[in-house]
Amino acid sequence: MTRMRLLNYITFVILMVSTVMGYQSPWGLVFVYWTIQNFYSGRAFLLSDVNRDEEPVLFWLTQIAWIVLGLMLVALDLFPVQS
């Protein structure tokens, strides 16, 4: 098994365990990672591929949504709402 495949399995387990335990920040970090990858590739995935050159507005709106969502999920774990 290649190193990247092993990393995918480990990441999947971490995401599932963190979800069961009620932590959102690992998902937030994945969203931020996806956004960084999309900046370099010029492609994002919503329900299908969104290409920066063909649909720049939708591409950037998707990127903004992913980065905001990612940062919000991390912030929720770092600064929990007190009731």
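As a reminder, the structure under discussion sits directly above these lines.
Residues numbered from 1 in each chain as written. Predicted model: local features only at pLDDT ≥ 70, side-chain atom pairs only at ≥ 80, totals over all residues. Heavy atoms only, no water.

Visitor: Could you give an account of a nonpolar patch on the surface, with specific residues and numbers?
Guide: A contiguous nonpolar surface patch, about 970 Å² in accessible area, is contributed by Met1, Met4, Leu6, Leu7, Tyr9, Ile10, Ile14, Tyr33 and Trp34. Taken together, the elements giving at least two residues each to the nonpolar patch come down to helix H1 (3-21) and helix H2 (25-41). Take the nonpolar patch: its biggest share by element is 6 residues, from H1. Its location among the elements puts Leu6 in helix H1. Residue Leu6 is classed as partly exposed on the basis of its relative accessible area, which comes to 43%. (Patch = residues over 30% accessible without salt bridge, like charges linked within 9 Å, V, L, I, M, F, W, Y side chains within 5 Å. Areas by Shrake-Rupley, 256 points an atom, 1.4 Å probe, with all protein chains shown as cover. Salt bridge = Lys/Arg side-chain N within 4 Å of Asp/Glu carboxyl O. Helix = DSSP H or I, 4+ residues; strand = E, 2+ residues; numbered from the N terminus. Buried < 20%, exposed > 50% of the residue type's maximum accessible area, 1.4 Å probe, protein only.)

Visitor: Residues and numbers for the environment of Leu15, please.
Guide: Structurally, Leu15 can be placed in helix H1. The exposure class assigned to Leu15 is buried, which follows from its relative accessible area of 8%. Sequence separation between Leu15 and Val30 is 15 residues; the distance between their C-alpha atoms is 9.1 Å. Those residues in contact with Leu15 that lie beyond four places of it in its chain are Pro26, Trp27 and Val30. (Contact = heavy atoms within 4.5 Å.)

Visitor: Tell me what's going on with the packing of aromatic side chains, and back it up with residues and numbers.
Guide: Inspection of every chain in the model, using the stated rule, returns 4 aromatic pairs. Aromatic pair Phe59 and Trp60: ring centres 5.0 Å apart, planes at 85°, arrangement edge-to-face. Judged by relative accessible area, Phe59 falls into the buried class, the value being 0%. Taken together, Phe31, Trp34 and Trp66 form an aromatic cluster joined through their ring pairs. (Phe/Tyr/Trp six-rings, centres within 6.5 Å; stacked < 30°, edge-to-face > 60°.)

Visitor: Tell me what's going on with H1, and back it up with residues and numbers.
Guide: With 19 residues, H1 extends 27 Å between its outermost C-alpha atoms, agreeing within 8% with the 27 Å of an ideal straight helix rising 1.5 Å per residue. The first or second residue beyond H1 is Gly22, which carries a positive phi of 90°. (Expected span 1.5 Å × (residues − 1).)

Visitor: Residues and numbers for the packing of H2 against helix H3 (residues 56-78), please.
Guide: Running from amino to carboxyl end, H2 crosses H3 at an angle of 155°, the nearest separation of the two axes being 7 Å. Relative to H3, the element H2 lies roughly antiparallel. Of the two elements, H2 crosses H3, and the hand of that crossing is left-handed. Of the residues in H3, those touching H2 at Ser25, Pro26, Trp27, Gly28, Leu29, Phe31, Val32, Thr35, Asn38 and Phe39 are Phe59, Trp60, Gln63, Trp66, Ile67, Leu69, Gly70, Leu71, Leu73, Val74 and Asp77. For the contact of H2 with H3, a count of residues per class yields 14 nonpolar, 6 polar and 1 charged. (Axes fitted to C-alpha atoms, helices over the stretch in contact; angles between N-to-C directions. Parallel < 35°, antiparallel > 145°, perpendicular 65-115°, else oblique. Left-handed = near helix turned anticlockwise from the far one by under 90°. Nonpolar A, V, L, I, M, F, W, Y, C, P; charged D, E, K, R; others polar.)

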